[in-house]
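Next come the chains, spelled out residue by residue.
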Amino acid sequence: MAVNLDKEAYYRRIKRLYSNWKKGEDEFGKVDAIVVSVGVDEEIVYAKSTAIQTWLFGYELTDTIMVFCDTKIIFLASKKKVDFLRQVAVTKGNENANGVPPITLLTREKNESNKANFDKMIEAIKGSKDGKTIGVFSKDKFPGDYMKSWNDTLSAEGLTRVDISAVVAYTMAVKEDGELNLMKKAAAITGEVYSKFFKERVMEIVDADEKVRHSKLAESVEKAIEEKKYLGGADPSTVEMCYPPIIQSGGNYSLKFSVVSDKNHMHFGAITCAMGIRYKSYCSNLVRTLMVDPTQEMQDNYNFLLQVEEELLKELKHGVKICDAYNAVMEYVKKEKPDLVAKLTKNLGFAMGIEFREGSLVLNAKNQYKLKKGMVLSISLGLSDLLNKEAKKDEQKYALFLGDTVQINEEEAATVLTPVKKKIKNVAIFLKNDDEEDEEEEGDDAEELLGKGARSAALLADRTRLLGKNEMTAEEKRRAHQKELANNLNEEARRRLTEQKGEQHIQKARKSNVSYKNTSQMPKEKEIREMKIYIDKKYETVIMPVFGIATPFHIATIKNISMSVEGDYTYLRINFYVPGSSLGRQEGNIFPNPDATFVKEITYRASNLKAPGELSVPSTNLQNAFRIIKEVQKRYKTREAEEKEKEGIVKQDSLVINLNRSNPKLKDLYIRPNIAQKRMQGSLEAHTNGFRFTSVRGDKVDILYNNIKHAIFQPCDGEMIIVLHFHLKNAIMFGKRRHTDVQFYTEVGEITTDLGKHQHMHDRDDLYAEQMEREMRHKLKSAFKNFIEKVETLTKEELEFEVPFRDLGFQGAPYRSTCLLQPTSGSLINVTEWPPFVVTLDEVELVHFERVQFHLKNFDVVIVYKDYSKKVTMINAVPVNSLDPIKEWLNSCDIKYTEGVQSLNWTKIMKTIVDDPEGFFEQGGWSFLDPESEGSGAEEDSESEMEDETFNPSADEEEEEEEDSDEDYSSETEDSDYSASLGSEEESGKDWDELEEEARKADKESVYEDEDTSNRKRKVRSSAPPSKKKRRS
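Summary of the structure given here. Treat the numbers as computed from the prediction; the structure is a model and nothing was measured. (Residues numbered from 1 in each chain as written. Predicted model: local features only at pLDDT ≥ 70, side-chain atom pairs only at ≥ 80, totals over all residues. Heavy atoms only, no water.)

Details of the overall build of the protein
Basically, it comes down to this: Counting from the N terminus, the helices are the DSSP runs of H or I reaching at least four residues and the strands are the DSSP runs of E reaching at least two. The cut-offs for exposure are 20% and 50% of the maximum accessible area for each residue type, with area from a 1.4 Å probe on protein chains only; residues under the lower value are buried, those over the upper are exposed, and the others partly exposed. When checking whether two residues touch, look at their non-hydrogen atoms; a contact exists if any pair is within 4.5 Å. Accessible surface is estimated by sampling points in the Shrake-Rupley manner with a 1.4 Å probe; for residues, cover comes only from the protein chains shown.
Within the protein, the regular secondary structure consists of 22 helices and 40 strands. Expressed as a percentage of the 1033 residues in the protein, the buried residues total 46%. Here the contacts in the protein between residues at least 6 apart in sequence split such that 65% fall between residues at least 24 apart. Of the roughly 55200 Å² of accessible surface on the protein, a fraction of 49% belongs to carbon and sulfur atoms.

Re the pairing of strand S35 (residues 827–830)
The following threshold applies: Strand pairing requires that DSSP identify at least two bridges connecting the strands.
Burial of the side chains of S35 extends over both faces: Ser827 and Ile829 are buried on one face and Leu828 and Asn830 on the other. Relative to S35, strand S34 (residues 819–823) runs antiparallel, the two sharing two bridges. Bridge pairing in S35 links Gln822 to Ile829. Counting the residues between successive antiparallel strands, the hairpin from S34 to S35 contains three residues. What sits between the antiparallel neighbours S35 and strand S36 (residues 837–840) is a turn of six residues.

Digging into the pairing of strand S20 (residues 541–546)
By the criterion of burial, S20 is predominantly enclosed, with five of the six residues buried. Sheet analysis places strand S19 (residues 534–536) next to S20, joined by three bridges and oriented antiparallel. What sits directly across from Tyr534, in S20, is Ile543. The turn linking S19 back onto S20 is made up of four residues, and Glu540 within it adopts a positive phi angle of 50°. One ladder, built from six bridges, connects S20 with strand S21 (residues 549–554); its direction is antiparallel. Bridged to Met544 within S21 is Thr551.

Some details on helix H2 (residues 48–57)
Within H2, ten of the ten residues are buried, which leaves it mostly tucked inside the rest of the structure. Just beyond H2, the residue with positive phi is Gly58, at close to 90°.

Some thoughts on the packing of helix H9 (residues 296–315) against helix H10 (residues 322–336)
Our working definition: All axes are obtained by fitting lines to C-alpha atoms, using only the stretch in contact for helices, and the reported angles, taken between N-to-C directions, cover 0 to 180 degrees. Working rule for handedness: look at the near helix, and if it is turned counterclockwise from the far one by less than a right angle, call the crossing left-handed; if clockwise, right-handed. Each residue is assigned to one of three groups, with Ala, Val, Leu, Ile, Met, Phe, Trp, Tyr, Cys and Pro labelled nonpolar, Asp, Glu, Lys and Arg labelled charged, and all others, Gly among them, labelled polar.
Contact pair H9 / H10: the axes reach a minimum separation of 9 Å and the direction vectors enclose 150°. In this structure, H9 crosses over H10, and the sense of that crossing is right-handed. Contact with H9, carried on its side by Phe304, Gln307, Val308, Glu311, Leu312 and Glu315, involves Ala325, Ala328, Val329, Tyr332, Val333 and Glu336 of H10 and no other residues of that element. Considering only residue class, the contact of H9 with H10 consists of eight nonpolar, one polar and three charged.

Considering the sheet that holds strand S4 (residues 103–107)
Spatially, six strands are ordered S4-S3-S2-S1-S5-S6 in an open sheet, and the strand pairing comes out mixed. One side of each edge strand has no neighbouring strand; the edge strands of this open sheet are S4 and strand S6 (160–163). When strand polarity is set aside, the average angle formed by the axes of neighbouring strands in this sheet is 25°. Docked against the sheet, helix H1 (residues 7–23) engages strand S1 (33–38), strand S2 (64–68), strand S3 (73–77) and S4, running at close to 125° with respect to S3.

Description of the environment of Thr557
By secondary structure assignment, the location of Thr557 is in the loop between S21 and strand S22 (558–566). Judged by relative accessible area, Thr557 falls into the partly exposed class, the value being 30%. Separated by 19 residues in the primary sequence, Thr557 and Phe576 place their C-alpha atoms 5.7 Å from one another. Ignoring any residue separated from it by four or fewer positions in sequence, one finds Thr557 in contact with Asn575, Phe576 and Tyr577.

Notes on the packing of helix H7 (residues 177–208) against helix H8 (residues 214–224)
Where H7 contacts H8, the axes come no closer than 11 Å and their chain directions differ by 145°. At the point where H7 passes H8, the crossing takes the right-handed sense. Contacts from Val193, Phe197, Phe198, Arg201, Val202 and Ile205 in H7 reach Leu217, Ser220, Val221 and Ala224 in H8. Taken together, the residues that form the contact of H7 with H8 break down as eight nonpolar, one polar and one charged.

A short note on the sheet that holds strand S39 (residues 873–879)
Overall, mixed pairing links the four strands, which are arranged S39-S38-S37-S40 in an open sheet. In this open sheet, the two strands that pair with only one neighbour each are S39 and strand S40 (896–899). Each strand of the sheet is rotated relative to its neighbour by a mean of 20°, with strand direction disregarded. Where strand S37 (residues 844–850) lies against strand S38 (residues 858–865), six bridges are found, and the strand directions are antiparallel. Of the residues in S38, the one forming a bridge with Val847 is Ile863. Relative to the sheet, helix H17 (residues 883–892) contacts S37, S38, S39 and S40, its axis offset from that of S37 by approximately 165°.

What about the side chain of Ser284?
In plain terms, the rule: Whenever a nitrogen or oxygen atom comes within 3.5 Å of another N or O atom, the pair is scored as a polar contact, on the condition that within protein one atom can donate a hydrogen and the other can accept it, and that pairs from neighbouring residues in sequence are kept only if both atoms are in side chains.
Tracing the backbone through its elements, the reader meets Ser284 in the loop between strand S10 (277–279) and strand S11 (286–292). Among the polar contacts made by the side chain of Ser284, one reaches the side chain of Thr190 at a distance of 2.7 Å.

Let's talk about the side chain of Lys81
The cut-off we apply is this: Within this scheme the basic residues Lys and Arg register as positive and the acidic residues Asp and Glu register as negative, but His and the chain ends are omitted. We define a salt bridge as a side-chain nitrogen of Lys or Arg found within 4 Å of a carboxyl oxygen belonging to Asp or Glu.
If you trace the backbone, Lys81 turns up in helix H3 (residues 79–85). Despite being buried, Lys81 has no salt bridge partner; Asp63 is the closest side chain of opposite charge, sitting 6.1 Å away.

Brief notes about the packing of aromatic side chains
Ring pairs (aromatic) are described by centroid distance and by the angle formed between their planes. Quick reminder of the rule: Aromatic rings from Phe, Tyr and Trp, taking only the six-membered ring of Trp, are treated as a pair when their centres fall within 6.5 Å; an angle between ring planes under 30 degrees marks them as stacked, one over 60 as edge-to-face, and anything in between as tilted.
Applying the stated criterion to the full structure yields 36 aromatic pairs. Ring geometry for Phe691 against Phe787: centres 6.1 Å apart, planes inclined by 35°, an arrangement best described as tilted. Taken together, the positions of Phe691 in strand S27 (residues 690–695) and Phe787 in helix H16 (residues 764–794) put the pair 96 residues apart, joining distant regions of the chain. Like Phe787, Phe691 is buried.

Observations regarding the environment of Pro294
Note on placement: Pro294 falls in the loop between S11 and H9. In this structure Pro294 comes out as buried when scored by relative accessible area, which is 6%. Once you skip the residues sitting within four places of it in the chain, Pro294 turns out to touch Gln299, Ala428, Ile429 and Phe430.

A closer look at the environment of Phe801
Position of Phe801 relative to the elements: it lies in strand S32 (residues 801–802). Phe801 gets classed as buried once you look at its relative accessible area, which sits at 9%. Remark: the alpha-carbon pair of Phe801 and Ala711, spanning 90 residues in sequence, is separated by 4.9 Å.

Some words on the pattern of salt bridges
With the rule as written, the count across this model stands at 43 salt bridges. When the shortest N-O distance is used, the salt bridge between Lys115 and Asp119 registers 3.2 Å. One end of the pair, Lys115, and the other, Asp119, are both in helix H4 (residues 115–126), four residues apart, so they sit about a helical turn from each other. Put simply, Arg12, Arg13, Arg16, Glu176 and Glu179 are held in one network by salt bridges that share partners.

As structure tokens, then:
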């Protein structure tokens, strides 16, 4: 069984079990051995026997018997399960190295008797302490002959049985950090499903006056947990319901978790909902009541229930007896509203963990157990049989139910793990009848309030219920949020730039290439004395005769060389780098003294005719020199390129290899970028502090966990490859290049299709191939998910894999080709195409949409980073129908966005900001991008003025730079027109009307440009500097 067992967790927990047993408190003091037997029963969801297995091993082991004796532990199971348990059964002498009794593993025989194994276990039980009493979980009764024969064996020996469910539950009730994290995640998922699905669905039902049965609504909630968008990034296979959701309304209420949603239609009064989600075997619970048009009395009762919950949370602390906490709350209710004591639920909650409800740790008046730090409880308070006197007679009864998942602390009040808003404004839906506001209220007013079409419903906290108003309100909310973000953006950016002001960017001086430090290093070769060209490979220097003197030139000074044959002579022409010659971007400081005298070129000539008595033709020296200079030049440039790649590389820690064979491992993966020219397969293995990829050729690539900025898992849904992508904090070197993005992938199905093959819909071979591909996809997805889960467990959740939200994806071209860009929880990515595209959302300052015009079918996205020295990222050709979804997504991520019709010169804008950040923010900062910040009539004018300010930093230079400024502006406009025309050419099938409309708009824009030019000239003549100009509002 290729399944890992968390040994450390097992040893910690078995120690805790044994130490509590040895203390001998309560039932533990009565037993000589503990027997846990688990059979097979699909109907049993929660049982103490399976819970203790999950607690110890992380898995349920069916048909397994565990016997815990004073000095030994015995497990009887099938061969596969024994292999799995062998991971913790390694013993040293009588005592395990971890201080717990040694484990004996017995393999279950295929026949049903298993007498020999049973005898061994009975012998061990009798040898443990007095050997007369065994601790069992008396409620757990599994069917089947195997379990029956074991129980008969125990009965035949006359052993006394004692139920130890309560004491074992108390042992397991205190959760470790890992368990608490799982329960927090479960509670968060429950909150997401409630807020994003159930609450929204109830609003739709109320708004549309639908008739929906409670049972159908409960079923839809169960189906919702199969959709990733409601699970906060969790894998749907790890999520399940603790119990079927319980939805009640219309007077029939039972405030328990054992009831089932009935088939009555939902009534628009008090709607109670209880739901709990289980994540990786750990439970959570949430109870809320939604109220449609509640009366003042209902609101008062609900607010009182909230106060009672607050009192309960204050009482739930470490060391407090459960009964004391319960009694304190009841005293509070008696004091504040004695008439509601009888209507309050009989118990106020229970402990929760792997099992949903722990029967021995219920919050009631009799429970003597003390609460401990780390326990997790499901608290639930309800008021039943309440009367709404304003409702119709048969609909007057209602109930209020409220519950959360909470964690017990040392001294503070219990922490709520399900942070779903529950104040009256968040759960009340108020209806009003627009047609009858001015008329007198009639007797059946309540019924008319629920009349179809005549009403508009408003949820106080969330939104107006009429559909049209709802959309408008969502847009208004978005704008208000963006306005708030804009204010924060400028303040934050100003503060950040002020802090960075002191940090000066030190440009690294280029190393000077000196051939020889002194004359003694010059070679003493015969060719030099004979005034021939000589190449010193050691010092990468060409020694040439200049006016009879051997003069060395370093290979770095030579720009290029050429050789030609003209008649009887061979010419070798050598060109040098000199100031004014075309240099690369990074070679601007190659000349430490640019005022010196430079040699631009040297030409040598040699005869092709062999003179009598000479061994070779004179031109041979030039030919050899040409060939060797080319070789040395190529070697020098290669080395320089490698050194340039290595610049700024942060030295990584060494990978700590885990020699355990059970390390998480994925085989048959390809790596991108390739290590060699040809792509090759290899395996990816997770070790103690990082991953190691080993190719079939033996190449190794190490990626440390602490160097990973984003770990991304892209499943093969809708893709031809399944990918693990790592976006790194610091680049690493392999294949002689530096890389900040490394990915491992495998292909799913055929990437190329044979078009010559005849395609038939019902071709048996094709159907079989499709079926095989589906199975392959499922198998690969499971393997990758399993690997990711193991890695997250290994790193104690420090490394978390992000999964892209395909539903939020949009098309765009960050590089040359269009691809699907998908958001994750912390980034925007495309990892299918190469090069990959990864933008970290935390590093984004704002997003600007360019070319947003009605007649264009696409627009561009510009991403500006918080580090203003970093080049902005452009995503071209995004379809215009993606604009609203992108805005909604950015708004939800608290990222400011703006839009405009022109393409801006971002290089100039960013340079201006970096050169004078204070001046930029004094003039309004980023508000120049936001059309809403200016008056609607002066929008174009203000934008042009802002550009003038941006490109002309000082008033003194304006007169001199007027012409340049106009040229820049006109060229920029031409660029934008050109890009707009490109965009318009991409669309097909435009008719004459549309083309005429475009021409009309282009003419109109040219008029605006003329007006802007005259405005600018007028502005230059005025004496006031641009920074003093008041903005229009």
